[in-house]
Amino acid sequence: MPQATVKIQDKIKQVSYSTGQTVLDILKAEHIFIDAPCNGTGKCGKCKVKFFGEDIPLTAEEKEYNLGEYRLACMLKPSKDFTVEVSQIKSGEGFVTADFDFTKLSTPAIKKILKRVYAPTAIENKTWTEKYENAFGELNFEILQNIKPIEGNYLGIFIDDKLVAIVDEHDDDCYAIAVDIGTTTIIATLFDINKKLLLNTKQCINPQIKFGADVVTRISAAIENDANILKMQHSVISAIQDAVDKMIYETKINANAIYEIVFSANSVMNHLLLGINPKSLGIAPYKNMFDRLMSFPSAKLNLKIGTHTQALILPSISSYIGADIVSGINFIEIENAKRNTLFIDIGTNTELVLKHEDKFFATSCAAGSALEGMNISCGSRAQNGAVEDITFDNKTGEIHLKVIGDTAAKTICGSGILALVREALHTKLIDKRGRLVAYNNVCDDDVRKKFLVNVNGETFIKVANDILVSKKDIRNVQLSKTAILSGIQILLYKFNLKADELDEIIIAGQFGNHLTRDMLLDTGFLPPVCADKITYAKNTSLGGAIASVFDISKRNNLMPLKNKIEFSDLSLNPEYQKFFIESSYFPEYL
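Notes on the structure in this doc start here. Keep in mind the model is a prediction, meaning the values are calculated, not measured.

Re the overall build of the chain
Helices and strands together make up the secondary structure of the chain, namely 15 helices and 26 strands. In terms of overall size, the chain behaves like a compact globule, its C-alpha atoms giving a radius of gyration of 27 Å where 590 residues would be expected to give roughly 25 Å. For the chain, the spread of C-alpha atoms along the principal axes amounts to about 105 × 65 × 45 Å. Split into buried and exposed, the 590 residues of the chain put 55% on the buried side. Long-range pairs, those at least 24 residues apart, make up 65% of the contacts in the chain with a sequence separation of at least 6. Here the chain displays about 26,100 Å² of accessible surface, and carbon together with sulfur accounts for 49% of that area.

Notes on the packing of helix 5 (residues 215-224) against helix 6 (residues 227-251)
For any two helices packed against each other, one specifies the crossing angle of their axes together with the interaxial distance. For the pair helix 5 and helix 6, the least separation of the axes is 6 Å and the interaxial angle reads 130 degrees. In terms of orientation, helix 5 lies oblique with respect to helix 6. Across the interface between the two elements, Arg 218, Ala 221 and Ala 222 of helix 5 pack against Asn 228, Ile 229 and Met 232 of helix 6. When the residues that make up the contact of helix 5 with helix 6 are grouped by side-chain class, the tally is four nonpolar, one polar and one charged.

Let's talk about helix 14 (residues 552-564)
The terminal C-alpha atoms of helix 14 lie 19 Å apart, and with 13 residues this matches the ideal 18 Å at 1.5 Å per residue to within 8%. A bend of about 40 degrees at Leu 558 is the largest found in helix 14, and the proline Pro 560 appears one to four places after it. For helix 14, the full list of buried residues reads Lys 554, Arg 555, Leu 558, Leu 561 and Lys 562. Close packing links the buried residues of helix 14 with strand 7 (152-159), strand 12 (258-265), strand 14 (310-313), helix 9 (323-331), helix 13 (540-550) and strand 26 (565-567).

Re the pattern of salt bridges
Any two side chains of opposite charge can pair, given that their charged atoms come close. What the rule picks out here adds up to 25 salt bridges. Taken together, the salt bridges that share partners define one network made up of Asp 389, Arg 422, Glu 423 and Asp 518.

Let's talk about the sheet that holds strand 21 (residues 452-455)
If you trace the three strands from one edge of the open sheet to the other, you get 21-22-23, paired in antiparallel fashion. If you trace the sheet from one side to the other, it starts and ends with strand 21 and strand 23 (467-469), each paired once. Looking at each pair of strands side by side, their axes are set apart by 45 degrees on average, direction ignored. The pairing of strand 22 (residues 458-464) with strand 23 spans three bridges and is classified as antiparallel. Pairing of Ala 464 across the sheet is with Ile 467, part of strand 23. Of the strands in this sheet, strand 22 and strand 23 are in contact with helix 11 (residues 471-494), which crosses strand 23 at around 65 degrees.

Some points on the packing of helix 11 against helix 15 (residues 576-583)
Viewed as axis vectors pointing N to C, helix 11 and helix 15 meet at an angle of 130 degrees, and their least axial separation amounts to 8 Å. In terms of their interaxial angle, helix 11 and helix 15 are classed as oblique. Between helix 11 and helix 15 lies a crossing of right-handed hand. Packed against helix 11, whose contacting residues are Lys 481, Thr 482, Ala 483, Leu 485, Ser 486, Gln 489, Ile 490 and Tyr 493, the element helix 15 presents Tyr 576, Phe 579, Phe 580 and Ser 583 at the interface.

What about helix 13?
Think of an α-helix as turning once every 3.6 residues; residues three or four places apart then point the same way. Counting buried residues in helix 13 gives 11 out of 11 residues, a clear majority hidden from the surface. Looking at helix 13, one finds that the buried residues are Thr 540, Ser 541, Leu 542, Gly 543, Gly 544, Ala 545, Ile 546, Ala 547, Ser 548, Val 549 and Phe 550. The N-capping residue of helix 13, defined by a side-chain oxygen 3.3 Å from the backbone nitrogen of Ser 541, is Asn 539.

Describing the side chain of Asp 345
Mapped onto the secondary structure, Asp 345 falls in strand 15 (residues 340-345). The side chain of Asp 345 is buried and forms no salt bridge, while Arg 381, the nearest opposite charge, is found at 13 Å. Beyond its immediate chain neighbours, meaning those up to four positions away, Asp 345 contacts Ile 325, Thr 350, Glu 351, Ala 508 and Gly 509.

Examining the packing of aromatic side chains
Tallied over the full model, the rule gives nine aromatic pairs. Arranged with centres 6.5 Å apart and planes meeting at 50 degrees, the rings of Trp 128 and Tyr 132 form a pair that is tilted. Taken together, the residues Trp 128 and Tyr 132, both in helix 3 (residues 128-136) and four residues apart, mark about one turn of the helix. When its relative accessible area of 23% is taken as the criterion, Trp 128 is described as partly exposed. Their ring planes at 55 degrees and their centres at 5.4 Å tell us that Tyr 132 and Tyr 154 sit as a pair that is tilted.

Observations concerning the nonpolar core
Core analysis: the biggest nonpolar cluster contains 82 residues, and Ile 181, Ile 240, Ile 261, Phe 263 and Leu 273 have the highest contact counts within it. Element by element, the count of residues in this core is highest for helix 6, at 10 residues. In contact with Ile 181, other than residues within four places in its own chain, are Ile 186, Asn 206, Val 236, Ile 240, Phe 263, Ser 264, Ala 265, Asn 266, Met 269 and Leu 273. Grouped together as the second largest cluster of nonpolar side chains are 63 residues, Val 477, Ile 488, Leu 492 and Phe 586 included.

Quick look at the pairing of strand 25 (residues 534-538)
In terms of strand pairing, strand 24 (residues 504-508) meets strand 25 through four bridges, oriented parallel. The residue bridging Ile 507 from the neighbouring strand is Tyr 536, located in strand 25. Regarding topology, helix 12 (residues 517-522) serves as the crossover connection from strand 24 to the parallel strand 25, and that connection is right-handed.

Thoughts on the sheet that holds strand 16 (residues 349-356)
An order of 25-24-15-16-17-26 is seen for the six strands of this open sheet, with the pairing classed as mixed. Lying at the two open borders of the sheet, with one neighbouring strand each, are strand 25 and strand 26. Across this sheet, the average inter-strand angle for adjacent strands is 25 degrees, counted without regard to direction. With three bridges joining them, strand 17 (residues 359-366) and strand 26 adopt parallel strand pairing. Opposite Ala 362, over in strand 26, you have Phe 567 as the bridge partner. Most of the contacts of helix 14 go to strand 26, to which it runs at about 45 degrees, and overall it touches strand 17 and strand 26.

Conventions adopted
Residues numbered from 1 in each chain as written. Predicted model: local features only at pLDDT ≥ 70, side-chain atom pairs only at ≥ 80, totals over all residues. Heavy atoms only, no water. Helix = DSSP H or I, 4+ residues; strand = E, 2+ residues; numbered from the N terminus. Rg over C-alpha atoms; globule rule 2.2 N^0.38 Å. Buried < 20%, exposed > 50% of the residue type's maximum accessible area, 1.4 Å probe, protein only. Contact = heavy atoms within 4.5 Å. Areas by Shrake-Rupley, 256 points an atom, 1.4 Å probe, with all protein chains shown as cover. Axes fitted to C-alpha atoms, helices over the stretch in contact; angles between N-to-C directions. Parallel < 35°, antiparallel > 145°, perpendicular 65-115°, else oblique. Nonpolar A, V, L, I, M, F, W, Y, C, P; charged D, E, K, R; others polar. Expected span 1.5 Å × (residues − 1). Bend = angle between axes of the 7 residues up to and from the residue. Salt bridge = Lys/Arg side-chain N within 4 Å of Asp/Glu carboxyl O. Pairing = 2+ DSSP bridges. Left-handed = near helix turned anticlockwise from the far one by under 90°. Polar contact = N/O pair within 3.5 Å; in protein donor to acceptor, adjacent residues only side chain to side chain. Lys, Arg positive; Asp, Glu negative; His and termini not counted. Phe/Tyr/Trp six-rings, centres within 6.5 Å; stacked < 30°, edge-to-face > 60°. Core = buried A, V, L, I, M, F, W, Y, C linked by side-chain atoms within 4.5 Å. Right-handed = clockwise from strand over helix to strand, strands pointing away.

In short, geometric facts, not functional conclusions.
See the structure below:
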């Protein structure tokens, strides 16, 4: 079999491969993940590698990109020994966790009750099980396997008033884990219930990304091959297990004292976590296979944590309004929010919930991957070397960049591309229809010409030497903006509200946390409102998962809140096309 030599920075790995595979396939098989949001179709131009070996002509897809010395891993099908250099693999840097205030808690969902268990006497016709049940109530099989035939004081561990463990009276430790499973990222946190203390956090890229960058491509992968369902389940379980193992090792805690692991995720991630085919989410009428709160032993997911660890799956609303949103709006107590409150979790799939008095409407919109830098020619996720903010100096023609990691600019992430559009609108490089001014139509003495460059007759905005933003990139941002704004307008229309009647707009999520008010307002992603009405809530999905452990009142409110929310499918609304067109225009500046 031919050999592939993979170079990643200062590391070298040699593997055998079968002919017919692409370089991207070979890397995936070795668990080396590089950006490939189009799932290997050649449409995104992200899976750039340096390829050395046999002479393989450029494909038509590769010719569309200015690759220079790079090739697209998804388009290369080698048949001989080769060497490939991967410049940057995906990591979990810069993820946003939750702001959690332990002082605002009621009573934890996990409670301990001390009881004495008496030994059965010779004259009694009773078993040890009956004696334990006299103290704590009915025992399940898992508890029965671990009780001792010794009289003494024991602690009964209850979750939602259900007995899950019986331990020695001195085994007072009590821990729980909360996990936010995002389409792109996974964040796990370990907590001490007794001390109300965060002990450890682990973050990583969701390894399911090798099956596609978004939920739609993962649904497609499941539809194409049933085996992919178990593969995707195994990959996410393995990532969670690795995070849990590291947290236990680093904190030196007793794993058997971890009594619950809570999962907050969108509907597709929830289905794949449980190994349930998500096909129904991708085919009309787009319904969940399940949407309720569920609890069961975590061992049923092949998670090896503690003897008595229970898994909790939070409830969803619809196929595209998942447990992460129910968890999030429950965490921020949206029922107690101001009269007209809009909650937005911005991402590839953007979810919106509008509260008007005591009514709730939710919808979702396909904002696309431009917001994560994925269908931007020089884009990337938020990582070291990515431009996250830009300012144009209209007097000198200089561009000032804020780069993640305070290093040289290599790419531009979602917040950076929004900042660029903001600056380009202010300087009239882009008009309200999203059209970029042609380089040749700008006078030489016009300072704006310093922001532009002409490459083979096409105009680009020059961010840095190797970072050019094209008309197509701007169009992709415009499509994202149109999708989100039209979704907001539909919800306002449902309640016959105007934007200025909104009392508060809450921006949640990994990506939204990095978007400043002027990025959102000046680009038209949000309707014109007072900037002071915009607030930020960070990772509300994770916050909600944590709250469901530490606050029984919030846990008990999940299903009632879910049942209050009506879902509005944008595609079924006769007014949607009108709102979509109206929302496509950028703001105009004098």
